[in-house]
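This is what each chain is made of:
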Amino acid sequence: MLDMKLCVVFLLISSSFLLSVSLGQGLIDSVCQMAQLHRLECQVHRVQTADGYLLSLHRIPAPRNQSCPRETRARLRPFVLMHGLLGSAADFVTAGRGQALAVELHRRCFDVWLPNARGTTHSRRHRTLQTSQARFWQFSWHEIGLYDLPAIVDRVLLMTGHRQVHYVGHSQGTTVLLVLLSQRPEYNSKFANAALMAPVAFLKHLSSPPLRLLASDSSGVTKLLNKLGLNELLPATALTQVGGQFFCSATLPTYTLCTFFTSLYVGFSDYPVDRNLLPRILETIPAGISRGQLQHFGQLINSGKFQQYDYRSPRLNSLRYGQPTPPSYQLRNVRLQLQIFHGTRDALSSQADVQRLVNELRQSRTRLYQVPGYNHIDFLFAVTASQLVYERIIQQAWQLDATAAAVALQGR
């Protein structure tokens, strides 16, 4: 057990050192590159958060042609698709035509917005801080929910003239929405509905061996990261953007090793990722995280609660929260129409934890869909995701927008 723990820590740290070698080289805009490959328009907008982070927000506007007339585009509210841990906006484009959620939404005449959370490949700037400074990386997913997400939603509403957005979150993308609405419930009114794919809030029953091992000695990992001065983990670089072609090459031993470690992290699946797609996935994943994000998730595993960051000191917690222990997020403040999708072979988001989340969302109208055989990333890359998951999301959005348009027309 100890040897395996050391192995996981070594891989995490050595990868961060190795990948940081080429940070000075230019990174390609993989999101727009993939979108343009499929002949889609791609825009990049800059958003500043209340605490000074400068985010990249990709946009794939609705088609301006006969298949999507102006009245249809005006009726449909925009979609915001929020990526998970280690991911970026590219997660929703990589699978391409017929499979990627962003591409499917565009085909169905929706205006699609793809945020990149602070610290990821395309959001590595701050008004006053540099990525070389430790202060830049002093955040967890709490700050992404509290600062990044509201800045993103406000910009989308401002740019489109709509009063509400449709929202889809994957993994950490679900966590940050729950943080925002728990902490700032006034934002409920800015969402028409939300789809949570592989939701992450309670992690008591997580079965991923690497993450459970890291969480079991989180204080030891913290001390080691302190000594090494590592604040950013698994960043994207010019090297990694081409490295996927080598790591998951056509040679059987390398490919087998690649799929084994992928499955160890996210869970085995009844729907293996297309062998030709895997290199493209690894060109954009990992996209970088702060150590605080990993540590905060580790605390959820250990505590079994969905709560704010624990500073491991009653005094520090009292200074921050006015109490010696971190407060739980108030899920009763979440008041949305929710579609929740859970995979039966997900090693991170267990059935028991997802059901607990549903039970805690007492003020929301939730519909739980269990997807047989899906693991954590199948919601992004499985060939059946469009049929089993995306079609439900699109149909609900169409119905909600048609109803809203009819009500508005009657009110005139």
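Each chain has its residues counted from 1, running along the sequence as written. Where local features are concerned, this predicted model is filtered to residues with pLDDT of at least 70; where side-chain atom pairs are given and counted, the filter is 80 or more; whole-chain, interface and lining totals use all residues. Excluded from the side-chain calculation are hydrogens and water; included are all heavy atoms of the structure.

Chemist: Explain the overall build of the chain here, please?
Modeler: Strands are runs of DSSP state E lasting at least 2 residues, helices are runs of H or I lasting at least 4, and numbering of each runs from the N terminus. A tally of helices and strands in the chain yields 16 helices and 11 strands. A burial count over the chain gives 59% of its 412 residues as buried. Sequence separation of 24 or more characterises 77% of the internal contacts of the chain that already satisfy a separation of 6 or more. Only the protein chains shown count as cover for residues, and the accessible areas themselves come from Shrake-Rupley with a 1.4 Å probe. Roughly 17900 Å² of accessible area belongs to the chain as shown, and the carbon and sulfur atoms make up 54% of that amount. Whether a residue is buried, partly exposed or exposed follows from its accessible area with a 1.4 Å probe, protein chains only, as a fraction of its type maximum: under 20%, in between, or over 50%, in that order. The contact criterion used is simple: two residues touch if any of their non-hydrogen atoms lie within 4.5 Å.

Chemist: What is the right way to look at the pairing of strand β4 (residues 112–115) in this model?
Modeler: Residues in a regular strand project their side chains so that they alternate between the two faces of the sheet. Where burial is concerned, the two faces of β4 agree: the one with Val112 and Leu114 and the one with Trp113 and Pro115 are both buried. Any two strands with at least two DSSP-identified bridges between them are counted as paired. Sheet topology note: the strand β2 (residues 53–60)/β4 ladder contains 4 bridges and is antiparallel. By the bridge assignment, Arg59 is partnered in β4 with Trp113. Where strand β3 (residues 79–82) meets β4, 2 bridges bridge the pair, whose relative direction is parallel. If you follow Phe79 over to β4, its bridge partner there is Val112. Between the parallel pair β3 and β4, the chain is carried across by helix α4 (residues 101–107), and the sense of this crossover is right-handed. Crossovers are described as right-handed under a simple rule: with the strands pointing away from the observer, the path leading from the first strand over the helix to the second runs clockwise.

Chemist: What is the right way to look at a nonpolar patch on the surface in this model?
Modeler: On the surface, Tyr311, Leu316 and Leu319 cluster together to form a nonpolar patch covering roughly 280 Å² of accessible area. Note on placement: Tyr311 falls in the loop between α12 (291–303) and α13 (314–321). Its relative accessible area of 32% is what places Tyr311 among the partly exposed residues. Surface patches are drawn from residues lacking salt bridges whose relative accessible area is over 30%; two like charges belong together within 9 Å, two nonpolar side chains (Val, Leu, Ile, Met, Phe, Trp, Tyr) within 5 Å. Just to be clear on terms, a salt bridge is a Lys or Arg side-chain nitrogen sitting within 4 Å of an Asp or Glu carboxyl oxygen.

Chemist: Please clarify how the layout of surface pockets should be interpreted in this entry.
Modeler: A probe matching the size of a water molecule, rolled over the atoms, marks out where space remains unfilled. A 1.4 Å probe that fits into a set of points on a 1 Å grid over the protein atoms alone but cannot get out defines a cavity; an open set with protein on both sides within 12 Å along at least five of seven lines defines a pocket, and lining residues are those with an atom within 4 Å of a point. Grid points are joined across faces, edges and corners, and a volume is the space filled by probe spheres set on the points. In this structure, the second largest pocket spans a volume of roughly 440 Å³. Around the second largest pocket, the lining comprises 20 residues; the ones closest to its centre are Gln138, Gly292, Gln295, Tyr309 and Tyr311. Counting only elements with at least two residues in the lining of the second largest pocket, the list comes to α5 (141–160), α12 and α13. Ranked by residue count, the leading element in the lining of the second largest pocket is α12, at 4 residues. Gly is placed with the polar residues, together with every amino acid not listed as nonpolar (Ala, Val, Leu, Ile, Met, Phe, Trp, Tyr, Cys and Pro) or charged (Asp, Glu, Lys and Arg). Of the residues that constitute the lining of the second largest pocket, the class distribution is 6 nonpolar, 9 polar and 5 charged.

Chemist: Please clarify how unusual backbone geometry should be interpreted in this entry.
Modeler: Generally, phi is negative for residues other than glycine and the peptide bonds are trans, each holding for most cases. Located in the positive-phi region is Arg39, a residue other than glycine, with phi close to 60°. With respect to the helices, strands and loops of the structure, Arg39 is situated in the loop between α2 (30–37) and β1 (43–48). Residue classification places Arg39 among the exposed residues on the basis of a relative accessible area of 81%. The phi dihedral of Arg312 is positive, around 60°, even though this residue is not glycine. Within the secondary structure, Arg312 sits in the loop between α12 and α13.

Chemist: What should I look at first to understand the state of the cysteines in this one?
Modeler: The disulfide criterion is simple: two cysteine sulfur atoms within 2.5 Å. Taken as a whole and assessed by the stated rule, the structure comprises 2 disulfides. With its sulfur 2.0 Å from that of its partner, Cys32 forms a disulfide with Cys42. Taking the torsion about the S-S bond as the criterion, the Cys32 to Cys42 disulfide, at about -75°, is left-handed. With Cys32 in helix α2 and Cys42 in the loop between α2 and β1, this pair connects stretches of sequence that are 10 residues apart. Residue Cys68 pairs covalently with Cys109 via a disulfide, S to S 2.0 Å. The S-S bond linking Cys68 to Cys109 shows a torsion near -85°; that makes this disulfide left-handed. Taken together, the residues span a long stretch of sequence, with Cys68 in the loop between β2 and α3 (70–75) and Cys109 in the loop between α4 and β4 at a distance of 41 residues. Exposure class is identical for Cys68 and Cys109. Each is buried.

Chemist: I keep staring at the side chain of Asn188 and nothing clicks. Help me out?
Modeler: Tracing the sequence through the fold places Asn188 in the loop between α6 (172–183) and β7 (191–197). Sequence-distant contacts of Asn188, defined by excluding residues within four places in its chain, comprise Leu181, Asn333, Val334, Arg335 and Leu336.

Chemist: What's the story with the packing of α5 against α12 in this structure? I'm lost.
Modeler: The angle between the axes and the distance between the axes are what describe a pair of packed helices. Viewed as axis vectors pointing N to C, α5 and α12 meet at an angle of 110°, and their least axial separation amounts to 8 Å. Judged by the inter-axis angle, α5 sits roughly perpendicular to α12. Residues Trp141, His142 and Ile144 of α5 form the contact with α12, whose own contacting residues are Gln293, His296, Phe297 and Leu300. Tallied by class, the residues present in the contact of α5 with α12 amount to 4 nonpolar, 3 polar and no charged. An axis is simply a line fitted to the C-alpha atoms; with a helix, the fit covers only the stretch in contact. Between two such axes, the angle follows the N-to-C directions and lies from 0 to 180 degrees. Just so you know how the angles are binned, under 35 degrees is roughly parallel, over 145 roughly antiparallel, 65 to 115 roughly perpendicular, and the rest oblique.

Chemist: What exactly am I supposed to notice about the pattern of salt bridges here?
Modeler: Pairs can form between side chains of opposite charge once their charged atoms are near each other. This structure, assessed with the given rule, holds 10 salt bridges. Here Asp154 makes a salt bridge to Lys190, at a shortest N to O gap of 2.8 Å. In this pair, Asp154 is assigned in helix α5 and Lys190 in the loop between α6 and β7, connecting sequence segments 36 residues apart. Linking Glu186 and Arg184 is a salt bridge whose minimum nitrogen-to-oxygen distance equals 3.2 Å. For Glu186, a relative accessible area of 45% corresponds to the partly exposed category. Ionic contacts of the salt-bridge type, sharing partners, join the residues Asp51, Arg118 and Asp148 into one network.

Chemist: Looking at this structure, how should I read the nonpolar core?
Modeler: Nonpolar side chains in soluble globular proteins tend to be buried together. Only buried residues count toward a nonpolar core. Its members are Ala, Val, Leu, Ile, Met, Phe, Trp, Tyr and Cys residues joined through side-chain atoms within 4.5 Å. By size, the foremost hydrophobic cluster in this structure holds 106 residues, and its most contacted members are Leu81, Leu114, Phe191, Met197 and Phe306. Per-element tally for this core: the top contributor is α5, with 8 residues. The contacts of Phe191, once residues within four sequence positions are left out, are Val153, Gln164, Val165, Tyr167, Leu177, Leu180, Leu181 and Leu336.

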